[in-house]
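Each chain, letter by letter, is given below.
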Amino acid sequence: MARKMWNIQRPWETVPEDQEEEAATNTEPQGVQAEYFRPPARDKLGVAVSRNLGKPPAMTLTYWEKWNMVWLAANFYIHFGWEISLLNFFDYAEWKEGFKSWNPFCQAFFSYGDYDRRYKLKPPADYHGTKASIDKVVLAVEVPAGIIDGALCCLWLKGILDNAWYRYPVQLVVSALHAFGTVVFWSDELVPGWMNWMRGKGWKWTHTDGPKSIHWWWAFIGSNLVWVVVPMMYAKSAIDVIKPAMQALKN
C-alpha cells in the first residue's frame, strides 16, 4: 500500500491510469471512516472533483446541540401549543358544553389553575362583556411570547442546522426574552403583595397561596424558574461565542 501511494504522489513520474485507479481504490478507508477521511476524487488531469455533486453535506450534531434540540422541542410545545392556544381558549371554563377531555391544553390550564388561580378564574373576569377564564396579564405576556419567541425559536433551529452566522445572536435574543417574560409573569403576582406591604396593609397573595404552600414552590416558582435558569445558560453560551468577534471590532 505504501509503495502504491508513493507511486501516486511522485510528481516526476507518470503512473498508468489503471494502476492509479487501483491504488486509489485500495487505499481508501472503509465503513464509516470512508465518509469522513476519503481522499478527494481526481479527474485525468489530477484536479480534485466533488464526490457529492447535487447532494447536501452530512449534518452532524454535537452532544450539546442534541440537548439544544430537546430544549427547542420544549419551546415549540410551550409557544405553539400552550401560549398560542390562549388566543382561542381564554374562556375555556365558560364554554356551555365544557372543554373536551382530549384537549391537552385546557386540561393543563385547569390542573395548573389549582395552584395558580390566574389560569382558572372563578368567577370569570369580565372585559367589556367578554368572559375570560385566564387573567389578562397572563394573556398579555404569553400570547405575544408564543408568536415572537416561537418565530425566533424556528430561526434558532434553522441557524443550528445551517450553521448560519445568525445562530448565536438569535440564541441570545430569544433566551433574554424567555427570562424577561418569566420575571413579568412572576411580578404580576408579587407586585400587588409588595404594594400592600409598602402601605402597611401586610403582604397579600392575590392568586396563589404563597410560600406556606408546597405547591407554590414547585408550581409557581419551580416550573417557571426553568425558563430563567436554562435561558441564561444559553445566553452565556452565545455571549462566549460572540465576545471575541466584538472585541476584534473594538481593536
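Residues numbered from 1 in each chain as written. Predicted model: local features only at pLDDT ≥ 70, side-chain atom pairs only at ≥ 80, totals over all residues. Heavy atoms only, no water.

Identification of the protein as VTI1A protein from Symbiodinium natans is taken from an unreviewed UniProt entry.

A. Layout of the pattern of salt bridges. For the coordinates displayed, the defined rule picks out 9 salt bridges. In this structure, the salt-bridge partner of Arg118 is Asp188, at a minimum N-O distance of 3.0 Å. Of this pair, Arg118 sits in the loop between helix 6 (104-112) and strand 3 (125-127) while Asp188 is found in helix 8 (residues 167-198), placing the two residues 70 residues apart along the sequence. An identical accessibility class is assigned to Arg118 and Asp188; each is buried. One salt bridge in this structure joins Lys158 and Asp162, with 2.7 Å as the shortest N-O distance. Taken together, the residues span about one helical turn, with Lys158 and Asp162 both in helix 7 (residues 136-162) at a distance of 4 residues. A relative accessible area of 45% means that Asp162 is categorised as partly exposed. Residues joined by salt bridges that share partners form a network here, namely Asp116, Arg118 and Asp188. (Salt bridge = Lys/Arg side-chain N within 4 Å of Asp/Glu carboxyl O. Helix = DSSP H or I, 4+ residues; strand = E, 2+ residues; numbered from the N terminus. Buried < 20%, exposed > 50% of the residue type's maximum accessible area, 1.4 Å probe, protein only.)

B. The UniProt feature "transmembrane region" (unreviewed entry) in the protein, seen in detail. Per the UniProt record, "transmembrane region" (unreviewed entry) is annotated on residues 168-187 and 214-234. End C-alpha to end C-alpha, residues 168-187 measures 29 Å, and it is 100% helix and 0% strand. A helix fraction of 100% and a strand fraction of 0% characterise residues 214-234, whose end C-alpha atoms lie 29 Å from each other. (UniProt positions renumbered as here; feature names shortened; annotations may be inferred.)

C. Quick peek at the packing of helix 4 (residues 63-83) against helix 6. Contact pair helix 4 / helix 6: the axes reach a minimum separation of 10 Å and the direction vectors enclose 90 degrees. In terms of orientation, helix 4 lies roughly perpendicular with respect to helix 6. Residues Tyr77, Gly81 and Trp82 of helix 4 pack against Phe105, Ala108, Phe109 and Tyr112 of helix 6. Its residues assigned to classes, the contact of helix 4 with helix 6 shows 6 nonpolar, 1 polar and no charged. (Axes fitted to C-alpha atoms, helices over the stretch in contact; angles between N-to-C directions. Parallel < 35°, antiparallel > 145°, perpendicular 65-115°, else oblique. Contact = heavy atoms within 4.5 Å. Nonpolar A, V, L, I, M, F, W, Y, C, P; charged D, E, K, R; others polar.)

D. Region of interest: helix 6. Burial in helix 6 covers these residues: Cys106, Ala108, Phe109 and Tyr112. Each buried residue of helix 6 lies within a common arc of 160 degrees when the element is viewed along its axis, so the set occupies one face. The elements touched by buried residues of helix 6 are helix 4, helix 5 (86-89), helix 8 and helix 9 (214-250). Sitting at the head of helix 6, Asn103 places a side-chain oxygen 3.2 Å from the backbone nitrogen of Phe105. (Arc of directions from axis to C-beta. Polar contact = N/O pair within 3.5 Å; in protein donor to acceptor, adjacent residues only side chain to side chain.)

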